[in-house]
There are 2 protein chains.
Amino acid sequence: MQIEVVPNVNEARSDNFINKTVIVIDVLRATSSIVTALECGSDGIIPVETVNEAKNFESKNDLLSGERYCKKISGFDLGNSPLEFLNHEIQGKRIIMTTSNGTRAIQKSHKAAHVIAGTILNASNCARKAFNLKRDIVLLCAGTQDQFSLEDGLCAGMMIHELKQLQEEIHLSDFSMTMYLSFLQSKNELQRTILQCSNGKKLCKMGFEEDVIFCTMQNEYSVVPILRDNIMVAM
Amino acid sequence: MQIEVVPNVNEARSDNFINKTVIVIDVLRATSSIVTALECGSDGIIPVETVNEAKNFESKNDLLSGERYCKKISGFDLGNSPLEFLNHEIQGKRIIMTTSNGTRAIQKSHKAAHVIAGTILNASNCARKAFNLKRDIVLLCAGTQDQFSLEDGLCAGMMIHELKQLQEEIHLSDFSMTMYLSFLQSKNELQRTILQCSNGKKLCKMGFEEDVIFCTMQNEYSVVPILRDNIMVAM
């Protein structure tokens, strides 16, 4: 089994995803919010690219969610904070979501055999379920404005760690090996490391420190979102 | 002091290097050969892009060196193996060198305030001398055919480790932090890790295992090559 890590959404080449399982990773915060939404009983999350697309998609009983520059979009029900999802009545509701990087990464994966959403909250189960799909795996780090983000890379490394426990003989690219080594080095202080990286510091400055702390809880949730007919549902 | 790591030569943007010190890293094998050549008494190394350029540059007493697809260029005196440089009479001679990735990275750095060559063999001294130049530092990993190479990333991490010992308060980008964490994780088995990465395996298969072992000796040499008027000389 081949494992590849793509450092940011800008480097994603959709033709490279054919016949593979893509795990989209946007720890801060899109895939953490998607996992939390499903864990809290949402019917599913529809990732869309633009604010207008989100509004056009919306039907009765749906919730609109999303951010631009880390802030909730005006008129939307929810931003991109997983803690909002925890505290909002979302049981049985569909969520239409648009974010700067995470939902774009999901859309860029459309040629893959399977698209699933991973984050630190569900990393172990996510890796296990991806492994059971028996295809080569691409860990697509969303990154931030076409730059690599440490928290996504460490989450990719965490999943590689899980995959290696399932099968010792997985083949890692050089970049994947780097993510794995970085995770091993920081696994006992993952939260502290992420609080100090670029997005961690930015979100803390904007008052979202609790989000960062929440998003760095390892394997707190078991749900694994998978894309079926353009909606992310529990696998 | 800002520290940035560029993952491969294709991602190098020369305008980003203005007023900075660029350390070009091509562990397997261009910068290891350059360091070895100067340590063995060469007058200097002129990096050029093409085979024809190398031949046009050559004057009496010069040596031609270089590789394509890891193999010595036909008619050249030397390939790109640092062990060849150790065993050849190069004292007092200039070397005209062209390689697939390393010399290209040096040429792409021409807008920097200073261009120096780093590798595992001279990492400690290289970091120290770059630090003393008192400018922001770019660690430019040459990579391989526009892909990230683990050995260059680990060497970048090793230099960051040195820089942090000189000044705790250096600012690392997310990607730089990843290189630093990866180095910390593998520093006690750097040779084994590099023997198992993509270029390490490829060179071993081609009969260059001794080169890989040589190039992964930590801080064996003290010389730091710097580019002055298009020739790399001892700093």
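Look above for the structure.
What counts and how
- Residues numbered from 1 in each chain as written.
- Chains lettered and ligands numbered in written order.
- Predicted model: local features only at pLDDT ≥ 70, side-chain atom pairs only at ≥ 80, totals over all residues.
- Heavy atoms only, no water.
- Helix = DSSP H or I, 4+ residues; strand = E, 2+ residues; numbered from the N terminus.
- Rg over C-alpha atoms; globule rule 2.2 N^0.38 Å.
- Buried < 20%, exposed > 50% of the residue type's maximum accessible area, 1.4 Å probe, protein only.
- Contact = heavy atoms within 4.5 Å.
- Areas by Shrake-Rupley, 256 points an atom, 1.4 Å probe, with all protein chains shown as cover.
- Lys, Arg positive; Asp, Glu negative; His and termini not counted.
- Charge placed at Lys NZ, Arg CZ, Asp CG, Glu CD.
- Buried area = accessible area lost by both parts, 1.4 Å probe.
- Salt bridge = Lys/Arg side-chain N within 4 Å of Asp/Glu carboxyl O.
- Phe/Tyr/Trp six-rings, centres within 6.5 Å; stacked < 30°, edge-to-face > 60°.
- Lys NZ or Arg CZ within 6 Å of the ring centre and 35° of its normal.
- Core = buried A, V, L, I, M, F, W, Y, C linked by side-chain atoms within 4.5 Å.
- Axes fitted to C-alpha atoms, helices over the stretch in contact; angles between N-to-C directions.
- Parallel < 35°, antiparallel > 145°, perpendicular 65-115°, else oblique.
- Nonpolar A, V, L, I, M, F, W, Y, C, P; charged D, E, K, R; others polar.
- Pairing = 2+ DSSP bridges.
- Least-squares fit on C-alpha atoms with pLDDT ≥ 70 in both.
- Disulfide = S-S within 2.5 Å.

Describing the overall build of chain A
Moving on, step 1. Looking only at helices and strands, chain A features 10 helices and 11 strands.
Moving on, step 2. Taking 2.2 N^0.38 as the reference for a compact globule, 235 residues should give roughly 18 Å; the C-alpha atoms of chain A span a radius of gyration of 16 Å, in line with that estimate.
Moving on, step 3. Structurally, chain A occupies a C-alpha span of about 50 × 35 × 30 Å along its principal axes.
Moving on, step 4. When each of the 235 residues of chain A is scored for burial, the buried share is 57%.
Moving on, step 5. The contacts in chain A between residues at least 6 apart in sequence include a share of 77% that link residues at least 24 apart.
Moving on, step 6. Summed over its atoms, the accessible surface of chain A is roughly 9,500 Å², and 43% of this surface lies on carbon and sulfur atoms.
Moving on, step 7. Between the averaged position of the 24 positive side-chain charges in chain A and that of its 28 negative side-chain charges there is a distance of 2 Å.

Focus on the interface of chain B and chain A
Moving on, step 1. On the side of chain A, 21 residues touch chain B, which itself brings 21 residues to the contact.
Moving on, step 2. Summed over both partners, the interface of chain B with chain A buries about 1,600 Å², with 63% contributed by carbon and sulfur atoms.
Moving on, step 3. By the criterion of area lost to chain A, the three top residues of chain B are B:D174, B:L181 and B:Q185, representing 37% of everything that side buries.
Moving on, step 4. Linking chain B to chain A there are zero salt bridges.

Things to note about the pattern of salt bridges
Close approach of charged atoms allows side chains of opposite charge to pair.
Moving on, step 1. Under the defined criterion, the tally for this structure stands at 14 salt bridges over all chains.
Moving on, step 2. A salt bridge links A:D146 to A:R104; the shortest N-O distance between them is 3.3 Å. A residue pair is termed long-range when its members are at least 10 positions apart, and A:D146 in the loop between β8 (137-141) and α6 (150-166) and A:R104 in helix α4 (residues 102-108) qualify at 42 residues.
Moving on, step 3. Its salt-bridge partner being B:E189, residue B:R192 comes within 3.1 Å of it at the nearest N-O pair.

Brief notes about the packing of aromatic side chains
Moving on, step 1. This structure, assessed with the given rule, holds seven aromatic pairs over all chains.
Moving on, step 2. Arranged with centres 5.7 Å apart and planes meeting at 90°, the rings of A:F148 and B:F175 form a pair that is edge-to-face. Within this pair, whereas A:F148 is found in the loop between β8 and α6, its partner B:F175 is found in helix α7 (residues 174-186), the two belonging to separate chains.
Moving on, step 3. Over the face of the ring belonging to A:F208 we find A:R29, whose NZ or CZ atom lies 4.4 Å from the ring centre.

Things to note about the nonpolar core
Moving on, step 1. Grouped together as the largest cluster of nonpolar side chains are 163 residues, with contacts concentrated most on A:I23, A:L139, A:M159, B:I23, B:L139 and B:M159.
Moving on, step 2. Excluding residues that lie within four positions of it along the chain, B:M159 makes contacts with B:I23, B:I25, B:G118, B:T119, B:A123, B:C126, B:A127 and B:L139.

Comments concerning the packing of helix α6 (residues 150-166) of chain B against α7(B)
Residues and elements named next belong to chain B.
Moving on, step 1. At a closest axis distance of 7 Å, the pairing of α6 and α7 adopts a crossing angle of 90°. With respect to α7, the element α6 is oriented roughly perpendicular. Counted together, G153, L154, G157, M158, I160, H161 and K164 of α6 and S176, M179, Y180, S182, F183, L184 and S186 of α7 form the full contact between these two elements.
Moving on, step 2. Here the residues of the contact of α6 with α7 are counted per class, giving seven nonpolar, six polar and one charged.

Things to note about the pairing of strand β6 (residues 94-98) of chain B
Residue and element names in this part refer to chain B.
Moving on, step 1. Among the five residues of β6, four are classified as buried, and the element is accordingly described as predominantly covered.
Moving on, step 2. Judged from the four bridges that link them, strand β3 (residues 44-47) and β6 form a sheet pairing that is parallel. Within β6, the position partnered with P47 by the bridge is M97.
Moving on, step 3. Bridge count for strand β4 (residues 63-68) against β6 is four bridges, and the pairing is parallel. Paired with G66 across the two strands is T98, which belongs to β6.

A look at the relation of the copies chain B and chain A
Moving on, step 1. Of the transformation placing chain B onto chain A, the axial shift is 0.0 Å and the rotation is 180°, giving an RMSD of 0.0 Å. Such a combination of turn and shift is consistent with a two-fold rotation axis. Of every C-alpha in chain B, the one belonging to B:S182 sits nearest the axis of rotation, 2.3 Å from it.
Moving on, step 2. Here 100% of the contact residues of chain B are again contact residues in chain A; the copies associate through an equivalent surface.

Some thoughts on the packing of helix α7 (residues 174-186) of chain A against α7(B)
Moving on, step 1. At a minimum axis separation of 7 Å, α7(A) and α7(B) run at an interaxial angle of 75°. With respect to α7(B), the axis of α7(A) lies roughly perpendicular. Here A:F175, A:T178, A:M179, A:L181, A:S182, A:L184, A:Q185 and A:S186 of α7(A) lie close against α7(B), whose contacting residues are B:F175, B:T178, B:M179, B:L181, B:S182, B:L184, B:Q185 and B:S186.
Moving on, step 2. Residues of the contact of α7(A) with α7(B), tallied by class, amount to eight nonpolar, eight polar and no charged.

Some words on the state of the cysteines
All names here are of chain B.
Moving on, step 1. Enumeration according to the criterion identifies zero disulfides over all chains in this entry.
Moving on, step 2. In this structure C70 is not part of a disulfide, and its nearest cysteine sulfur, from C204, lies 11 Å away.
Moving on, step 3. Judged by its relative accessible area of 15%, C70 falls in the buried class.
Moving on, step 4. Free of any disulfide, C215 has its nearest neighbouring cysteine sulfur in C155, separated by 10 Å.
Moving on, step 5. Here C215 falls in the buried class, since its relative accessible area comes to 0%.

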